[in-house]
Amino acid sequence: MILLALARFLLRTPWSTGMAFLGVMLGVTSIVAVHLISASIATQLDDLIPSQLAGYSHFLHRADVTAEDYFDLRRQWREGRFPDVEEMAPLIDETTVIEGSEVRVVGVDLLSPLGMRLLAQDNEPVEAGVGNASISTDFWRGVWVDESLLSLAAAPINAVINAPPGTVVGDIGVAQDLLGWSADELSYVGIVYQSRWQDVVDIGEHILPGFAAGFPLQPVSQIPSGWSVLSLSAQHPASSFGKSVLFNISALGLLALLVAWFLIYQVAVSWLRRLWPVFERLHVLGVQWHNLQLTFVAALLLLGVLAALSGLLVGRALAVVLYQLALPVQAPELPLNAWVIGKAIFSAVSVCGLGGSWAFRQARNVSTGSVVKFLVPALLLPAAVLGVMSDGAGLAGGFLSIAAVSLLAAWMVRPLLNALARYSPRLPGPILVRLSLREAIWYPRDMGVALAGLILAVATAIGVSLMVDSFRSDFDRMLVQRLSYDLVIEGRAQDLHRLELELRDDSAVRRLQSYRQAQLRIAGLPMQVVAGRTDAAEMARYGYPQPLATNEVLISEQAARALDLGMGDKLDLNESAFTVVKIFTSFGDVTPRLILNEQAVVVQGEVFNPEVVLANPLPLVSLSINADDSVALLKQLELDYGSLDFRLQKEIRTLALETFDQTFAITTALVLIALLVASIGIYIAVTALRLNKKAQMNVLAAVGVNRLEIVGMDFALGLGIGVVAMLVAVPLGVTLGWILCDVINPRAFGWTVTLQLSTAALMTPVIWGLLAASAAGLIRLGRRENSMGRG
Amino acid sequence: MTNTVIIKDLNKSYQDGQQRIDVLRGLHLELPVGQTLAVMGPSGSGKSTLLNIIAGLVSVDSGAVNVHLNNQFYALHQLDERARTQLRRSCMGYVYQFFNLVPTLTVVENVSLPARLNRRNDLDLRARELLAAFGLKDRHQAFPEVLSGGEQQRVAVARALLLEPPLLLADEPTGNLDAANADQVASLLFDNARALGLTVIVATHSEEVANRADQCLHMHDLNQRGS
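Along each chain, numbering runs from 1 in the same order as the chain's sequence is written. Chains carry letters and ligands carry numbers; both start at the beginning, A for chains and 1 for ligands, and go up in the order they are written. Where local features are concerned, this predicted model is filtered to residues with pLDDT of at least 70; where side-chain atom pairs are given and counted, the filter is 80 or more; whole-chain, interface and lining totals use all residues. Calculated side-chain values reflect all of the structure's heavy atoms, with hydrogen atoms and water omitted.

Asks: I'd love a proper account of the overall build of chain A, names of residues and values included.
Replies: Assigned secondary structure in chain A consists of 25 helices and 18 strands. Type-normalised accessible area, obtained with a 1.4 Å probe on protein chains alone, sets the label of each residue: buried when under 20%, exposed when over 50%, and partly exposed for intermediate values. Residues counted as buried form 54% of the 791 residues belonging to chain A. Should any heavy atoms of two residues lie within 4.5 Å, those residues are considered in contact. For chain A, restricting intrachain contacts to residue pairs at least 6 apart in sequence, the fraction spanning at least 24 positions comes to 79%. Surface exposure here means Shrake-Rupley accessible area, sampled with a 1.4 Å probe, where a residue is shielded only by the protein chains that are shown. When the accessible area of chain A is evaluated, it comes to approximately 34,200 Å², of which 61% is carbon and sulfur surface. Helix and strand assignments follow DSSP, with helices taken as H or I runs no shorter than four residues and strands as E runs no shorter than two, numbered in order from the N terminus.

Rendered as structure tokens:
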């Protein structure tokens, strides 16, 4: 009966019920949209890893891995020294040039469990093809290829497999033959490591796609010395990069839910204020407090479930829009599966249940113990510092810091309000403004939680804006530096050679630069090695002020991080030492990069010299040109070289910046949703405050305060709330921006973004926050009761 | 003698769900300048409604409410809300039974509020003098939450008197106080109003308060005269 009465109460207060519904629905919308986008992208990222390697969790590496090393490790494994390693197998994974194309050669032991899985897969038999004749007679010498290599003649093709373009998979011996290696050489020993936390991480990945990127599990303690452990993600940086992006977005998606929780608390406080006299009478009549609490929370849960169902539908629609905004060329497939439905309902129910219960406890004056109050900052502060200082904490550590700092700021709201209230008698200004500003800080219990919600939303908006703005500024500067050529041409090496010879004598061409490039493994890690003419003009593109000598190397920030190298350190390549003379920024790179003087890797002309440092030749991959009239040159060359791909740098720059902005559209949308939910929270808090102020309003009316002055007071109240929120939100936002630029970005992507405190990035969220708070103060919808007595 | 308040054939009713409640029916009242009037009657008889109508806080259904304040006649029933508010701000004082003070203003700010609204910053000293005279000299910078009920009502009376308004309205000003405090507040209200020559209308249940007024009328009588 009490529940029925409460349901009637919700229906009779449609405005606040609607606001609560909207807030929770927006919170759910945010997490549903993020989940659907993330899950879809995660599936695509998984496709970047050849399925033959996906079964391995880690790769053991050392200089010159041999078959003997593998058998030694295997013997130790069989003796039980690596109890959490479930499988172990030899492995080759290298990139080379075969028949003029760059090919990734993967060698697996076909008789190992993972090899057997490869044979059991649904491969498409090749009906006809150059190398197809010996399928039945010499199966073990055959290879599995993706569709792009159907014309490969170097080995018989057994079947077509689903793998990234340019992938060849074969038995260990076949791979060694294709690479020109001896029968003793291996790349790695692949293992399947089953951590006791693996199930937890797997469930986490289902709930929060990208979760695993924040919690990498490493079997370091079990691996004998002399071996380095590489994770599957380190082997496939493109996939790892994408998963890190997802982890960032998923973490941000939780923000709106957190703010929605604050909102529900605020609504519950508002409702309880009106219901409390009824509850007290019911308690006098013999109804237990816990029954009243259960009934109250049940009414909120009902609202939460309805909001969750709506949030699912709106979230899916938002996901489609955002997905198409970020990836316009792909049609999204975003199914609402059991995980996302469960997550939406669980989130809404948790938010409503916890918010309602907490508000009820507060209404009963069940205070949190002073020890707990003291414990909160005592725990949060070290967590924030550790997450930032300890690189080993990884991406999850960075976000732990963000969460800890944010909660610490939220915890500080009440003490801050109390401190401001003590100062408030000295506030200057007109009396009605003074009155309203004091109201903004006078009621910590009523306003504290809504203020915390607004603070978190604005601070996140500031942090993300600073990061995006700083990133865009660095990215733009890098583009200006890097895109110093007018025209870039890519395509087959033979065609590029031909064109290069022709352009050398072309008077319209002021500068011609050729690039050779291949993906090689250095210290077991995949790296893009680029070689070209490294004169002063070329080096200026990387911020290095002089020509690069043949014994010098430029490395990207990611490579420096992966190889643990700094300026002046030596990098050994095939027993030749190169001095690191510059570490350059390379936003957007998914693979670490090294720049070498072409004289270090090829001899005069086009012939590869095996005596120089790299064991494999670097194929010519692109030409860059500066010309007097690049557009006219482009038109002429396009006619003569139809097989090559031509791009004007101006177009690349526009495209790059467009892609950048599209990438962050999701982030902006999530922050805006959180800000909207926070504004609703402030509105509800202000409405609750007004319920307390009826008598005061009568007094003000009696002394002749007019409507315009009341509107001014409402505005001042909202603005006051906004200003108080900004006092915490601005420093918190700058801190979050710093953590995102200097901690999260390097750990997730290998880039350091130089934090720039631009006025626009800082002030835009502040102005939005102030406007939202002022609007919350000004809007007086719903009841406007005449409380004058009849006496 | 000029009348401060002249009410003719005043009618006011409220709608409560499906039910219409006639609070004031054909009410007539004339109150000369400088007179004090006590209005008595049971709860719900319309005392507060009458005061709120004279203050311009509540509009009338029909009838005429005229006031003569600062040598000007005002037909309240013809004024819009803005004009009524302005009149109340400059020419009236009002004391409620409780919740008289703004909790986020100090005692002296509460008293100064009408002066500040009328841009009379010169009255700050007068506000402090009034508070001192009312026994609240040490409470200037205190906030209302720390005052006793009697102290709060004395602050409310001081606020109502600060501008020396020609018309002072009080709705059960002692209804929430013990006998000693009620006597003190009633004395401050009537003695100061008489000394300043203010016209006062007090709605009260208290015979002691009513006995201090020049006239005492019952709501029943006021309504009957019109019926």
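There is more to say after this.
Asks: Residues and numbers for the packing of helix H5 (residues 149-162) of chain B against helix H6 (residues 179-196) of chain B, please.
Replies: All names here are of chain B. Orientation of H5 relative to H6, taken along the N-to-C sense of each, is 10 degrees, at an axis distance of 9 Å. One element, H5, and the other, H6, form an angle in the roughly parallel class. Contacts between H5 and H6 involve Gly150, Gln153, Arg154, Val157 and Leu161 from the former and Asn181, Gln184, Val185, Leu188, Leu189, Asn192, Ala193 and Leu196 from the latter. Here the term charged refers only to Asp, Glu, Lys and Arg, the term nonpolar to Ala, Val, Leu, Ile, Met, Phe, Trp, Tyr, Cys and Pro, and the term polar to all other amino acids, Gly among them. Residue composition of the contact of H5 with H6, by class: seven nonpolar, five polar and one charged. Lines fitted to the C-alpha atoms define the axes, with helices restricted to the stretch that makes contact. Angles between their N-to-C directions range from 0 to 180 degrees. When an angle is under 35 degrees it counts as roughly parallel; over 145 it counts as roughly antiparallel; between 65 and 115 it counts as roughly perpendicular; any other value is oblique.

Asks: Describe a negative patch on the surface, and please don't skip the residues or the numbers.
Replies: The patches described consist of residues with a relative accessible area above 30% and no salt bridge, like charges being joined within 9 Å and nonpolar side chains (Val, Leu, Ile, Met, Phe, Trp, Tyr) within 5 Å. Every case where a carboxyl oxygen of Asp or Glu lies within 4 Å of a side-chain nitrogen of Lys or Arg is listed as a salt bridge. For the purpose of counting charges, residues Lys and Arg are taken to be positive, whereas Asp and Glu are taken to be negative. His and the chain ends are not included. Just so you know, the charge point we use is NZ for Lys, CZ for Arg, CG for Asp and CD for Glu. Negative charge collects at one region of the surface, where A:Asp64, A:Glu68, A:Asp184, A:Glu185, A:Asp572 and A:Glu575 lie side by side. Within the secondary structure layout, A:Asp184 lies in the loop between helix H6 (172-179) and strand E8 (188-193).

Asks: Run through the side chain of B:Thr174, naming residues and quoting values.
Replies: Here B:Thr174 is to be found in the loop between strand E7 (167-171) and H6. When near neighbours in sequence (up to four residues on either side) are disregarded, B:Thr174 contacts B:Ala182, B:Val185, B:Ala186, B:Ser206 and B:Val209.

Asks: Could you give an account of the pattern of salt bridges, naming the residues involved and the relevant values?
Replies: According to the stated counting rule, one finds 24 salt bridges over all chains in the structure shown. Salt-bridge contacts for A:Arg561 lead to A:Glu557; the nearest nitrogen and oxygen are separated by 3.0 Å. Note that A:Arg561 and A:Glu557 are positioned in helix H19 (residues 557-563) at a spacing of four residues, about one turn of the helix. Between A:Arg707 and B:Glu81 there is a salt bridge, with its nearest N and O atoms 3.2 Å apart. Of this pair, A:Arg707 sits in helix H24 (residues 707-749) while B:Glu81 sits in helix H2 (residues 81-91), placing the two residues on different chains. You can call A:Arg707 exposed: its relative accessible area is 53%. Its relative accessible area of 35% is what places B:Glu81 among the partly exposed residues. Bridged by salt links that share partners, the residues A:Asp72, A:Arg75, A:Glu79 and A:Arg81 form one connected network.

Asks: Could you give an account of the sheet that holds strand E8 (residues 199-203) of chain B, with specific residues and numbers?
Replies: All names here are of chain B. DSSP calls a pair of strands paired once it identifies at least 2 bridges connecting them. Read across the sheet, five strands follow the order E6-E7-E8-E3-E9 without closing on themselves; strand pairing throughout is parallel. The sheet is open, and its two edges are formed by strand E6 (92-95) and strand E9 (215-218), each paired on a single side. The mean inter-strand angle of the sheet, taken between neighbouring strand axes irrespective of direction, is 15 degrees. Sheet analysis places E6 next to E7, joined by four bridges and oriented parallel. Counterpart to Gly93 in the pairing with E7 is Leu168.

Asks: Run through the interface of chain B and chain A, naming residues and quoting values.
Replies: Taken together, the 36 residues of chain B in the interface contact 26 residues of chain A. Of the roughly 2,700 Å² buried between chain B and chain A, counting both surfaces, carbon and sulfur atoms make up 62%. Residues A:Arg434 and B:Glu109 are paired through a salt bridge, measuring 2.6 Å at the closest nitrogen-oxygen approach. Any pair of nitrogen or oxygen atoms within 3.5 Å is treated as a polar contact; in protein, a donor-acceptor pairing is required on top of that, and neighbouring residues in sequence qualify only through side-chain atoms on both sides. Scanning the region where chain B abuts chain A turns up eight residue pairs in polar contact (both at pLDDT 80 or more). Of all the elements in the fold, those that place two or more residues in the side of chain B that touches chain A are strand E1 (3-16), strand E2 (19-32), helix H1 (47-54), H2 and helix H3 (107-117) of chain B. Among the residues forming the side of chain B that touches chain A, the class breakdown is 16 nonpolar, 11 polar and nine charged. Here the quantity called buried area is the accessible surface, traced with a 1.4 Å probe, that two parts lose on coming together, added over both.

Asks: Could you give me a rundown of the packing of aromatic side chains, with the residues and numbers involved?
Replies: Whether two aromatic rings pair depends on their centres lying within 6.5 Å, for rings of Phe, Tyr and Trp, where Trp uses its six-membered ring; planes under 30 degrees apart make the pair stacked, over 60 edge-to-face, and the rest tilted. Counted according to the given criterion, the structure contains 12 aromatic pairs over all chains. In textbook terms, an aromatic cluster arises when at least three aromatic residues are bridged by ring pairs, as seen for A:Trp276, A:Phe279, A:Trp289, A:Phe296 and A:Phe360. As a reminder, the over-ring test applies to NZ of lysine and CZ of arginine, requiring each to be within 6 Å of the ring centre and within 35 degrees of the ring normal. The aromatic ring of B:Tyr14 is capped on one face by B:Lys12, whose charged end is 5.4 Å from the ring centroid.

Asks: Describe the nonpolar core, with residues and values.
Replies: Among soluble globular proteins, nonpolar side chains are generally buried collectively. Take the buried Ala, Val, Leu, Ile, Met, Phe, Trp, Tyr and Cys residues and link them wherever side-chain atoms come within 4.5 Å; each set so joined is a nonpolar core. Among the nonpolar cores identified, the biggest contains 135 residues, and A:Trp271, A:Phe279 and A:Phe296 are the most heavily contacted of them. Top element by residues in this core is helix H16 (residues 444-482) of chain A. It accounts for 21 residues. With residues near it in sequence (within four places) discarded, A:Phe296 still touches A:Leu6, A:Ala268, A:Trp271, A:Leu272, A:Leu275, A:Phe279, A:Gly356 and A:Phe360. Counting residues in hydrophobic clusters, the runner-up holds 49 residues, among them A:Val705, B:Leu29, B:Leu69 and B:Val102.

Asks: Residue-level account of the sheet that holds strand E17 (residues 620-627) of chain A, with values.
Replies: Residues and elements named next belong to chain A. Across the sheet, nine strands lie side by side as E14-E15-E13-E16-E12-E11-E17-E10-E18; this open sheet has mixed pairing. Each end of this open sheet is capped by a strand with a single partner; those strands are strand E14 (570-573) and strand E18 (645-648). Taken over all neighbouring pairs, the strand axes of this sheet differ in orientation by 30 degrees on average, direction set aside. For strand E12 (residues 525-532) and strand E16 (residues 593-597), the ladder comprises five bridges, and the chain directions are parallel. Counted as the bridge partner of Ala531 is Leu596 from E16. Taken strand by strand, helix H17 (residues 493-504) contacts strand E10 (487-490), strand E11 (509-522), E17 and E18, and its axis lies near 25 degrees from that of E17. Contacts from helix H20 (residues 630-640) reach E10, E11, E17 and E18 within the one sheet, and its direction differs from that of E18 by about 170 degrees.

Asks: Tell me about H17(A), residues and numbers included.
Replies: Residues and elements named next belong to chain A. The span you would expect from a helix comes to 1.5 Å times its residue count less one. Over its 12 residues, H17 runs 16 Å from end to end, which matches the ideal 16 Å to within 8%, given 1.5 Å per residue. Residues of H17 that are buried: Ala493, Asp495, Leu496, Leu499, Glu500 and Leu503. Each buried residue of H17 lies within a common arc of 155 degrees when the element is viewed along its axis, so the set occupies one face. Where H17 is buried, its residues meet E10, E11, E17, H20 and E18. The arc in question is traced by the directions running from the helix axis to the C-beta atoms.

Asks: Tell me what's going on with the confidence of the model for chain B, and back it up with residues and numbers.
Replies: Averaged over every residue, the pLDDT of chain B is 89; residues scoring 70 or more account for 97%. The complex model carries a pTM of 0.74, and its ipTM stands at 0.85. The pLDDT value expresses, per residue, how confident the predictor is, ranging between 0 and 100.

Asks: Could you give me a rundown of unusual backbone geometry, with the residues and numbers involved?
Replies: Positive phi outside glycine occurs at A:Asp564, with the angle close to 55 degrees. Judged by relative accessible area, A:Asp564 falls into the exposed class, the value being 68%. Not every positive phi belongs to a glycine, and B:Glu172 is a case in point at roughly 50 degrees. Here B:Glu172 lies in the loop between E7 and H6.

Asks: Tell me what's going on with the environment of A:Gly166, and back it up with residues and numbers.
Replies: All names here are of chain A. For Gly166, the position within the fold is in the loop between strand E6 (157-160) and strand E7 (167-171). Assessed through its relative accessible area of 11%, Gly166 is described here as buried. When the C-alpha positions of Gly166 and Arg104 are compared, they lie 6.0 Å apart, and in sequence the two are 62 residues distant.

Asks: Describe a nonpolar patch on the surface, naming the residues involved and giving the relevant values.
Replies: All names here are of chain A. Among the surface-exposed residues, Val711, Phe715, Leu719, Val723, Leu727 and Leu778 lie close enough to one another that they form a single nonpolar patch of about 470 Å² accessible area. Among the elements that take part in the nonpolar patch, H24 stands out by supplying five residues, more than any other. Assignment of secondary structure puts Val723 in helix H24.

Asks: How would you summarise the confidence of the model for chain A if you had to cite specific residues and measurements?
Replies: All names here are of chain A. Summarising the model, chain A shows a mean pLDDT of 78, and 83% of its residues fall at 70 or more. Taking the mean pLDDT of every element in chain A, the minimum, 52, falls on strand E4 (residues 124-125) and the maximum, 92, on strand E13 (residues 552-556). In this model residues 127-135 is a low-confidence stretch, pLDDT under 50, and it forms 15 contacts with partners more than four residues away in sequence or in other chains. For the stretch residues 782-787, pLDDT sits under 50, and the model shows eight contacts to residues farther than four places along the chain or on other chains.

Asks: Could you give an account of H24(A), with specific residues and numbers?
Replies: All names here are of chain A. The axis of H24 is deflected most strongly, by about 35 degrees, at Leu740. The opening residue of H24, the one whose side-chain oxygen lies 3.2 Å from the backbone nitrogen of Leu708, is Asn706. Once H24 ends, the next one or two residues include Gly750, with phi positive near 85 degrees. What we call the bend at a residue is the angle made by axes fitted to the seven residues finishing there and the seven residues starting there.

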